[in-house]
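Reading the structure
The lines below spell out each chain.
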Amino acid sequence: MEKGTLVEFRFQGDRRLGVVERPDGKTRWFVIDERGQSHSLAPRQISYIVNGQTYNSSDIESFQGQVQPYIDPSSLEVAWELLVEDGETVTPTQMANLLFSESEPAACYAAHCLLSEDKLYFKQKGEVYEPRTALQVAELKHQIEVKELKARGQQEFLARVEQALRGETVDWQRHDRQRLEALEKYASLLADVVRLGVNYDNLARSYPPPAPVLETMNMLGRTANPPGALQLLIDLGWWGAHENLFVRRSAIPVQFPSKVLEVAQQRLDFPPTDLDTNRLDLSSLKVYTIDDESTTEIDDGLSWELLSEGRERLWVHIADPTRWLAPEDELDLEARKRGSTVYLPTGMIPMFPELLATGPMSLVQGKMCCALSFGVVLDETGAVKDYTIHPSLIKPTYRLTYQDVDEMLELGVQAEPEIEAIANWAKRRKSWRYNQGAISISMPEAMIKVKNDQIDIDILDDSSSRQLVAEMMILAGEVAAHYGQVNNIPLPFRGQPQPELPPEEELLLLPAGFVRACAMRRCMPKSEMSITPVRHAGLGLNTYTQATSPIRRYSDLLTHFQLKAHLRGEVPPFSAEQLKEVMMIVTSTTQEVTMVERQTNRYWALEYLRRHPDKVWDVTVLMWLREDSNLGLILLEDLGLQFPMFFKRSIALGEQLLVKVAHADPQKDMIQFQEIIYQESQSASN
């Protein structure tokens, strides 16, 4: 090349023009660009040579000005349409003649610029350019359109994100929702910190973000890990600060399908024919329903009846949801999928649609209600002497809370002798069960309620009213199981293997009370379900099934289906094999429900303690978790909560300490306590 030749080259990705100054060795050239900077270029770095005349570096700006009027990318489409049919190739000079009808250096260079930058109509083959086929151009146009649409969608999404971050109401679009739902799924992996014991700090490595999540987080400049996704959803107002990730990570359905809600409404508007035409009218009995004040699904009531010759009969009335559904219909299958009502501190997720569960399925005060009633006569020891089971009609007289009943028993209210009579039979019944080997382990249990971000924790005390109700429910379960056993009806029987409790001399070495109860509790085997009767060691019963919560537990509903069919003289709807299969599914589901309830309660317990960092708590050391590491289990007596704690000194089981919360993080499922000295606790309480 001669000195003064104008060439195009690439510098750090940019297109540059320069004038050849002199050779640099045998193969390279020194080139001066428009800025006066010198570049040593190999031949392969030169992408175009402007032929026809020589230039100085000071001429480059003027040359670029001559080129600019020719630069119109849309003109290539006209050329492509002329060349595509025959597939003719062109050089930049030929393209200049075709587009501009001239071949001056500026026009030829402009044609080169257009062709080299074009990604749609032409592709380079050596020194020439070949037109793409019509099909290829159509596909590329589609890809460009999709890319532009995506870019526009991203910009619009970013605008709505900014709007949400300012706290404004946002009308999220369908594609936005897909992005946000992907974030939801990814953020929900935080639940595995608790569920699987995944290390919180290793979450990003354990769960790398999927492509849509990574794209969204990078677009917004956020850290692409589950905590980052959670915080983004909270910042956008898409989730609340305490979103229940355990529910989201589970298979528990929160909403009912529209079809199920439609069926529920139809059953309400057009009640199905009652198959139990021989219902026993017990509406003359005084019926008490006893529950917590917040209970909305009322599924059991109690009566006491004086018979001839001074005999007494106890009645346990159980709500009859099977009046409103049939095996295998939409309502039944939906309840089976859910397994049970889920009780969370923030509210419940019902097994049946609420318009039925809290309405006609419940035993509502003052209304005629369908029930399955268990009439039981006990002997003097508390054993079942005689019983009867009937589909019935009852009219609940009083809706009472446990506190109401405790007060009535304490005051000995003369107007309600039935309550005292039921309570006396409950005591005999409990005594009889313990004579049969029942095992009592009394540990405080926390009841956590959250409303309007206010957390309340109460201890479920083992009051007379709760014992009364518990004994009557156990009684109904024994009677239902006995009826199933005598009549060879497959039922979801419940049992518990005989535990191997520590020897009495070993227990006596432990402090009495919670420590001893904790040691016994560890030895209790899990209850199990069977389609044939088995002994329940914990309750002291040879046969037992749960039948008293059919609105809230699917296994109880199964018991009702089977019993009621037999009482009508029909074949039970589920054979032994069918029942076994359904029970396996339901057991798996209810285990998940139990886990979610436990995890959610723990989350709110940690959050409660996090909000009270200065509170001094009385705790009892219950047991060792790892004695060699000084890790024990403590009981916060005022709350009925149990947590692990590392001790910095030698501690004895049963020792009572004063502690504060040093650190609590519900999201990470972490809590640390520190022991405080008495003087410190005094100043804190003041």
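As the structure is a computational prediction, the values presented were derived from the model and not from experiment.

Section: the overall build of the protein chain
Along its length, the protein chain carries 22 helices and 25 strands. Here the C-alpha atoms of the protein chain give a radius of gyration of 40 Å, more than 25% beyond the 26 Å that 2.2 N^0.38 yields for 686 residues. Taken along its principal axes, the extent of the C-alpha atoms in the protein chain is 130 × 70 × 45 Å. Residue pairs at least 24 apart in sequence account for 65% of intrachain contacts in the protein chain once pairs closer than 6 positions are excluded. Accessible surface for the protein chain amounts to roughly 34,900 Å². Of this, 48% is attributable to carbon and sulfur atoms. Of the charged side chains in the protein chain, 71 are positive and 98 negative, and the gap between their average positions amounts to 2 Å.

Structural notes on the sheet that holds strand β21 (residues 617-626)
Across a sheet, paired strands are connected by hydrogen bonds in the backbone, their directions being either parallel or antiparallel. Read across the open sheet, the five strands follow the order β23-β22-β21-β24-β25; overall the sheet is antiparallel. The open sheet has two edge strands with one neighbour each: β23 (641-646) and β25 (670-675). Adjacent strand axes in the sheet meet at a mean angle of 45 degrees when their direction is disregarded. Bridge count for strand β24 (residues 656-665) against β25 is six bridges, and the pairing is antiparallel. Counterpart to V661 in the pairing with β25 is F673. Of the strands in this sheet, β21, β22 (631-636) and β23 touch helix α19 (residues 514-523), which is tilted by about 35 degrees from β21. Sheet strands in contact with helix α21 (residues 576-610) are β21, β22, β23, β24 and β25, and its direction is about 65 degrees off that of β23.

Looking at empty space enclosed by the protein
For the structure on display, the rule yields one cavity of 30 Å³ or more. Around the largest cavity, the lining residues are M408, L409, G412, V413, E416, I419 and E420. Those elements that provide at least two residues to the lining of the largest cavity are α15 (402-411) and α16 (417-435). Counted by class, the lining of the largest cavity contains four nonpolar, one polar and two charged residues.

A look at the domain arrangement of the protein chain
Each domain of the protein chain was delimited in the assignment, giving domain 1 (5-136), domain 2 (137-241), domain 3 (260-595) and domain 4 (612-683). Each of domain 3 and domain 4 was reduced to a C-alpha centroid, and the two centroids are 36 Å apart. If you look at the interface, domain 3 gives 14 residues, while domain 4 gives 13 residues. Both sides together, the interface formed by domain 3 and domain 4 hides about 1,000 Å², and carbon and sulfur atoms give 73% of it. Along the contact surface separating domain 3 from domain 4 lie zero salt bridges. Linking domain 3 with domain 4 are one residue pair in polar contact (both at pLDDT 80 or more), by the criterion used here. For the side of domain 3 that touches domain 4, the elements supplying multiple residues, two or more each, are β17 (446-451), β18 (454-459) and α19. Broken down by element, the side of domain 3 that touches domain 4 gets its largest block of residues, five residues, from α19. Among the residues forming the side of domain 3 that touches domain 4, the class breakdown is 11 nonpolar, no polar and three charged.

Quick notes on the rules
Here the residue numbers are simple positions, counted from 1 along each chain's written sequence. Residues qualify for local features only when their pLDDT is at least 70, as the model is predicted, and side-chain atom pairs are given and counted only at 80 or more; totals for whole chains, interfaces and linings, by contrast, use all residues. With hydrogens and water set aside, each side-chain value is computed from the structure's full complement of heavy atoms. Working definition: helices are DSSP H or I runs of at least four residues, strands are E runs of at least two. Numbering for both runs from the N terminus. With the radius of gyration taken over C-alpha atoms, the globule rule is written as 2.2 Å times the number of residues to the power 0.38. The contact definition used throughout considers only heavy atoms, calling two residues in contact when any of these lie within 4.5 Å. For accessible areas, the Shrake-Rupley method is used with a probe of radius 1.4 Å. Any residue's cover is judged against the shown protein chains and nothing else. Charge assignment: positive for Lys and Arg, negative for Asp and Glu; neither His nor the chain ends contribute. Note that the charge is assigned to NZ on lysines, CZ on arginines, CG on aspartates and CD on glutamates. Pairing between two strands requires that DSSP report at least two bridges joining them. Only the stretch in contact is used when a helix axis is fitted, and all axes are lines through C-alpha atoms; the angle between N-to-C directions ranges over 0 to 180 degrees. Only protein atoms enter the 1 Å grid used here, on which a cavity is any set of points holding a 1.4 Å probe that cannot leave and a pocket is any open set flanked by protein within 12 Å on both sides along at least five of seven lines; residues with an atom within 4 Å of a point are listed as lining. Grid points are joined across faces, edges and corners, and a volume is the space filled by probe spheres set on the points. Just so you know the grouping, Ala, Val, Leu, Ile, Met, Phe, Trp, Tyr, Cys and Pro go in nonpolar, Asp, Glu, Lys and Arg go in charged, and all remaining residues, Gly too, go in polar. Domain segmentation is taken from an automatic or database assignment of domains. By definition, the buried area sums, over both parts, the 1.4 Å-probe accessible area that each loses when the two are put together. The working definition used for a salt bridge is a side-chain nitrogen of Lys or Arg within 4 Å of a carboxyl oxygen of Asp or Glu. Counted as a polar contact is a pair of N or O atoms within 3.5 Å, where, for protein atoms, one must be capable of donating a hydrogen and the other of accepting one, and residues adjacent in sequence contribute only when both atoms are in side chains.

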